[in-house]
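The lines below spell out each chain.
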Amino acid sequence: MPSHSEPSLKAGLTALKQGDYQTAKTILEAIVSSNSDRTAVIQAEIGLVVVYTRIGEVATAIALCETLVQNERSQVKEWAERSLEQIKKRYQNDDASTADVTGFIPWDNSSPVVESQQSQTEDAQTHERQDGENPNTEHTAAHSLRVPTFGGTQTRGWLASASSTPRASVSKTSSLPIPLPPNSPTTVNQEDNQEKVKPPTIYWRQAGRAKVWQPLPKRSLKLLYLLQAGTCVALFWVIKTLLVSVMRFINDAFVKLPFLEPLQLLYRDPTSSLVVLIFVLFCLSPWLLDQLLTKFYGQRELEKDILHRHSKETARVLQRYCQQRGWRTPKLFVLPMTAPVAFCYGHLSRTARIVVSQGLLEQLKNDEIATIYASQLAQIAHWDCAVMSLLLVITIPIYQLYQLLGQWGDAKTQPIWRGIFSVLTSLVYGLWWLLRATGIWLSQLRLYWCDRVAAEVTGNPNALVRALLKMAIGIAGDVQKQEHTSWQLESLNLVIPVGYKQSLCLGSMAAYTTFESLLMWDCVNPYRWWFVVNNTHPLIGDRALRLCRIARIWHVEPELYLESQQPLRIKPQSFLLQIAPWLGIPLGVAFGGLIWLIWQTLFALKLLNLKWIYEDWNFIKGCMLIGFSIGVLLRINSFFSNIKPATVQTDNQLPNLLTNPASIPIDSIGVRLVGKLLGRRGTNNCLAQDLVLQSHTGLVKLHHISWLGQNVNPQELLGRQITLTGWLRRGATPWIDVQTLQTQGGKIVNSPHPIWSIVLAVAAEVWGAYILLRG
C-alpha cells in the first residue's frame, strides 16, 4: 500500500532486524536503485544479501555477494567472500536453515514458546506439502506482522518468508554487524537529503492467502457464451459492411470514369466467401499467431527452468489444473517487453498458448505470477480465448500495415506525399480500431470470470489484486521510460489483463496517494457503468472489490479496504446533461413520430397536404440529427466552463482531484499543469491519438484536436517541458481536454474543443433541417 513516508536505510535495517523481511526488501531495493549515495547503497546491498537468504532467494543472494566481492573496500570484500562461501556451502548441502549463513549474529530462538510455534508451523507446512492444496510450499514459515501503511496507520498483514522467526522471538540485544568504511557519515542525514529528490516508495500490505478454502458458488456462463457468439457476429457484420462499401465505391468510380466498365465480380454477395475465410482464419489462428508474434514481437519459447526460477508456484498450478481436466499443458512463450503483460491464444486446450512478457516475470512475485497464469487457464476453459485469437489474427496484420504506412510517410519529404500517407495511415488506424471495437464487451466480461477462477485455483485473491496493481504500475513506468505508448502495448491491449490507458493515472500516481482513494470512483460512483461502455477493460477498482470480497468469504484479510463504502447519491441532472447529445437521438425519434402523427391527422382532415413530401420515414433521420445537435449545444457551457486563473488547479493537486468518487466528466476542472509532453512521433500519430502529459505527480492522457491551418504541430513539442491548460475529466479513464499547450520559449498550440463542438452541432442541425425540408 502506498505511503508518503520515504524509505531510509535506518528503516530498512530496522525492518530486517525485526524479521520483517518483505518490508526490508522493498526499502533496501529502493535505496539500491536510487544510486544516489554509494555508502548507503553498499549497506543496503549487504542487508539485501541477508533478506534474500532468509526468504529463500538463494540464487539472488549469491549473485549479489559475487558483485560485492568486486568492491574496492576491504571490509566489504572480506564480508562478501565469507558470506558467499557459507551460502554456497549451505545451498549445496540443501540445508533448510539459512539463519546464520551470512555471518550475522543469529536471533535468539531459545524461548520454549517460540520453539513450539516453529514446530507447529513446520508441521502445518509439511501437511501442506503432502496434500498439495497450498501451492506456496516453498515457504517454510508464515507469521503475522505489523507492516507500515499509508498515512501512518497500521494494519495486520501476512508475510511468508524462509527460515523466518516470529517477531516475539527476536532478541532485543541482537545487532547487525554490517561493515562500514572508516569515517563514513551517518546514514540518517544522507537519507534526509535524498528525500528531496527521490519519489515516494509504494508499500504493500502483503495480505495473505487462504490455507483452506471452499469452492465459490457456481455461476452460469450463458452470458459469456452469448457474448462470444455476439462478438463473432459483430465482427462478421463489420467486415462484410466495409467490404461491400468498398466494392460499391470502386464500381461507382468505374461507372463515372471514362473508358472503364464496372467489375461484375464486385456486384456479387461476398457472404459465403467471407464465412469460409473467417472460418479458415479461426482454425489456423494458433499457428498464424505463432508466426506473427515471432516475427513482429520477438516471441520465443519460455523454458521451464526460467519459469521455475521466477515462480515455482506457477508450475504447480499449471500441472494441477491441467491434470484435473485431462489437458496437455499449454505451450509457454515470453515476449521481450519491459511492460508486464500476459495473454493466451488458441481455439482448443491442446492448441492453447500462454504468453507473458519479460517485464511480468521480473516485476511480479512468485504467487502473483501464479495468479496471472491461472487467469489465462480460465480463458482457455471458457473458450473466450478462441474468439480473442480470431480478433488478434485479423487485427495484428492491419496494425502492422498501419505501422508500415507510417514509416513510409515519415520517409517522404514532399508535403503532398506526407499528406497522402497521413490520410492512408489514419484510415487504416480507424479500420483497426473499428474491428477491435467488436470485442470490447467480451474483453470486459471475460476478465471477471478469469479473476474468479484464478482466485479459486490459487486460493490467493490478494496476490491477484497485487498483480493487477503492479501491472498497472509497470505499464505506466514503461510509457514514462519510452516517452510514448509502445505499439506492442496498443496492438495487444484488447487481450492483456490491464489496459494501458487505465494504467496511466493509477500506475503513476500510486506512490502519492492510497490505492483505495484512487479506486474509490470505480466502486461507488453510481454512473460508472455508463462510462465503461467503450472501454476495452473493466474497472480495476471493481475487480479488486470483487476479489477482496472473495478473500473475506474465505476469512482472509483483504489487500485493499474497499468493502465499507456505500454507493454515492449524485443528482441525476448532471448525468442527464452529460449524456444530452445521445439522449437527444431517441428524443428526436419520438419528436419525428409526433410530427408524422400530426401530418397524417391534418392530411386526413384535408387541412394540409404534405404527405407527398413525407411519404416515407427518411425524415426521422433529420429529427435524430436535430436532437443530437440540441443536446450538444445544451451541455457545451457546462462541459467547457471558463478556466479562471483564481480557481485553476496545478499538478500538486492532481492526485487529489482524481480521488473524488462523485465526479463525472461533465464536472470539468480547470487545470494548469507543467510537465513533459510524451507521445508517438511521426505519421503514426497524426490523429494525436497518443499524447500523454508527464507531470511530477503522474501521467495523464490528453485529448487534442488540431485547428485547421495551425502553424505549430503538437508533435513539435514532444519531449519538451510545456505548460498545459485544459479541462480535467474523471471517467472510467481520466483524461484532459486540452485548451492550450505552451512551451517555455512561448510557442502555443491551441486545441479548440468548444469551437469544434459548435461546428459539429451546427453541421448536424443543418443536415437535419435539409432532410426535413427535402423530404
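Rules used throughout
Residues numbered from 1 in each chain as written. Predicted model: local features only at pLDDT ≥ 70, side-chain atom pairs only at ≥ 80, totals over all residues. Heavy atoms only, no water. Helix = DSSP H or I, 4+ residues; strand = E, 2+ residues; numbered from the N terminus. Contact = heavy atoms within 4.5 Å. Areas by Shrake-Rupley, 256 points an atom, 1.4 Å probe, with all protein chains shown as cover. Axes fitted to C-alpha atoms, helices over the stretch in contact; angles between N-to-C directions. Parallel < 35°, antiparallel > 145°, perpendicular 65-115°, else oblique. Left-handed = near helix turned anticlockwise from the far one by under 90°. Pairing = 2+ DSSP bridges. Expected span 1.5 Å × (residues − 1). Bend = angle between axes of the 7 residues up to and from the residue. Buried < 20%, exposed > 50% of the residue type's maximum accessible area, 1.4 Å probe, protein only. Nonpolar A, V, L, I, M, F, W, Y, C, P; charged D, E, K, R; others polar. Phe/Tyr/Trp six-rings, centres within 6.5 Å; stacked < 30°, edge-to-face > 60°. Core = buried A, V, L, I, M, F, W, Y, C linked by side-chain atoms within 4.5 Å. 1 Å grid on protein atoms, 1.4 Å probe; cavity = no way out; pocket = protein on both sides within 12 Å on 5 of 7 lines; lining within 4 Å. Points joined across faces, edges and corners; volume = space filled by probe spheres on them. Salt bridge = Lys/Arg side-chain N within 4 Å of Asp/Glu carboxyl O. pLDDT = per-residue confidence, 0-100.

**What about the overall build of the protein?**
Of regular secondary structure, the protein possesses 26 helices and 12 strands. Long-range contacts, defined here as pairs at least 24 residues apart, represent 72% of the contacts in the protein between residues at least 6 apart. Of the accessible surface of the protein, which amounts to about 36400 Å², a share of 59% is contributed by carbon and sulfur atoms.

**Overview of the packing of helix α14 (residues 384-411) against helix α15 (residues 415-437)**
Put simply, α14 and α15 touch, their axes get as near as 9 Å, and they point 165° apart. The pairing of α14 with α15 is recorded here as roughly antiparallel in orientation. In this structure, α14 crosses over α15, and the sense of that crossing is left-handed. On α15, the residues that touch L391, I394, T395, I398, Y399, L401, Y402, L405, G406, W408, G409 and D410 of α14 are R418, F421, L424, T425, V428, Y429, L431, W432, L435 and R436.

**Considerations on the sheet that holds strand β6 (residues 353-357)**
One open sheet accounts for 4 strands, arranged β3-β4-β6-β5; its pairing is mixed. The sheet is open, and its two edges are formed by β3 (300-301) and β5 (342-345), each paired on a single side. Bridge analysis of β3 against strand β4 (residues 331-335) gives 2 bridges, and the strand direction is antiparallel. Paired with E301 across the two strands is F333, which belongs to β4.

**What about helix α9 (residues 271-297)?**
Relative to the 39 Å expected for 27 residues at 1.5 Å per residue, α9 spans just 33 Å between its end C-alpha atoms, considerably shorter than the ideal helical length. Within α9, the axis deviates most sharply at S285, by approximately 70°, and proline P286 lies no more than four positions further along. Listed in full, the buried residues belonging to α9 are L274, I278, S285, P286, L289, D290, L292, L293 and Y297. Of the surrounding secondary structure, the elements contacted by the buried residues of α9 are α8 (222-256), β4, β5, β6, α14 and α18 (487-491).

**Overview of the packing of α14 against helix α16 (residues 440-458)**
Where α14 contacts α16, the axes come no closer than 11 Å and their chain directions differ by 150°. The chirality of how α14 crosses α16 is left-handed. Along the contact surface, α14 presents D384, V387 and M388, while α16 presents L442, S443 and R446. Residue classes in the contact of α14 with α16 are distributed as 3 nonpolar, 1 polar and 2 charged.

**Points about the pairing of strand β9 (residues 698-703)**
Within β9, 5 of the 6 residues are buried, which leaves it mostly tucked inside the rest of the structure. With 4 bridges connecting them, strand β8 (residues 691-695) and β9 associate as antiparallel partners. Bridged to V692 within β9 is K701. Direction of pairing for β9 relative to strand β11 (residues 735-743): parallel, over a ladder of 3 bridges. If you follow K701 over to β11, its bridge partner there is W735.

**Here we look at the packing of aromatic side chains**
Summed over the entire model, instances satisfying the criterion amount to 18 aromatic pairs. Taking 5.0 Å as the distance between ring centres and 50° as the angle between the ring planes, the aromatic pair formed by Y402 and Y429 counts as tilted. With Y402 in helix α14 and Y429 in helix α15, this pair connects stretches of sequence that are 27 residues apart. On the basis of relative accessible area, Y402 is assigned to the buried category, the value being 1%. For Y429, a relative accessible area of 10% translates into the label buried. Here the aromatic rings of W530 and F575 are separated by 5.5 Å at their centres, their planes lie at 55°, and the arrangement is tilted. Of this pair, W530 sits in the loop between α20 (515-524) and α21 (540-553) while F575 sits in helix α22 (residues 572-578); the two residues are 45 residues apart in sequence, bridging distant segments of the chain.

**Examining the side chain of Q400**
When you line up the elements, Q400 lands in helix α14. Judged by its relative accessible area of 13%, Q400 is buried. The residues touching Q400, leaving out its near neighbours within four places in the chain, are F296, Y297 and W487.

**Here's the deal with the nonpolar core**
Ranked by internal contacts, the top residues of the largest apolar core, which has 87 residues, are L360, Y373, L377, L469 and L560. No other element matches helix α13 (residues 366-382), which puts 8 residues into this core. In this structure, L227, F333, L391 and L489 belong to the second largest nonpolar core, which totals 53 residues.

**Focus: the pairing of β5**
Residues A342 and C344 point to one face of β5 and F343 and Y345 to the other, with burial holding for every one of them. Here 4 bridges tie β5 to β6, and the two strands are oriented antiparallel to one another. Looking across to β6, one finds that F343 is bridged to V355.

**Re empty space enclosed by the protein**
To find leftover empty space, one rolls a probe the size of a water molecule over the atoms. Overall, the coordinates contain 5 cavities of 30 Å³ or more when judged by the stated rule. Of the voids in this model, the largest cavity is the one considered here, and its volume is about 150 Å³. Lining the largest cavity are Q502, C505, L506, L518, L519, D522, L539, I540, L658, R730, A732 and P734. Elements supplying a minimum of two residues to the lining of the largest cavity: α19 (500-509) and α20.

**Concerning the layout of surface pockets**
There is about 2000 Å³ of room inside the second largest pocket. Lining the second largest pocket are 49 residues; nearest its centre among them are W433, K501, N534, H703 and W735. Elements that contribute at least two residues to the lining of the second largest pocket include exactly α15, α19, α23 (580-604), α24 (619-639), β9, β11 and α26 (753-774).

**Here we look at the environment of I755**
Tracing the backbone through its elements, the reader meets I755 in helix α26. By relative accessible area, I755 is classed as partly exposed at 41%. Taking the C-alpha atoms as reference, I755 lies 9.6 Å from W707; in sequence the two are 48 residues apart.

**Considerations on the pattern of salt bridges**
Inspection of every chain in the model, using the stated rule, returns 15 salt bridges. One salt bridge in this structure joins D367 and R466, with 3.2 Å as the shortest N-O distance. With D367 in helix α13 and R466 in helix α17 (residues 461-482), this residue pair connects regions lying 99 residues apart in the sequence. Residue class for D367 comes out buried when judged on its relative accessible area of 15%.

**Notes on the confidence of the model for the protein**
Confidence along the protein averages 81 in pLDDT terms, with 82% of residues attaining 70 or more. In the predicted structure, residues 94-199 sits below a pLDDT of 50 and forms 198 contacts with residues beyond four places in sequence or in another chain.

**Comments concerning the environment of L741**
Tracing the backbone shows L741 in strand β11. A relative accessible area of 0% means that L741 is categorised as buried. Considering only alpha carbons, one finds L741 and T723, 18 residues apart in sequence, at a separation of 5.9 Å. Leaving out residues up to four positions away in the same chain, L741 has contacts with L677, L717, I722, T723, L724, K747, I748 and V749.

**A few points about the environment of L494**
Note on placement: L494 falls in the loop between α18 and α19. The class for L494 is buried, based on a relative accessible area of 6%. Between the C-alpha atom of L494 and that of R436, which follows or precedes it by 58 residues, the distance is 7.4 Å. Non-local contacts of L494, meaning those with residues more than four positions away in its chain, are made with M388, L391, R436, G439, I440, S443, R446 and T536.

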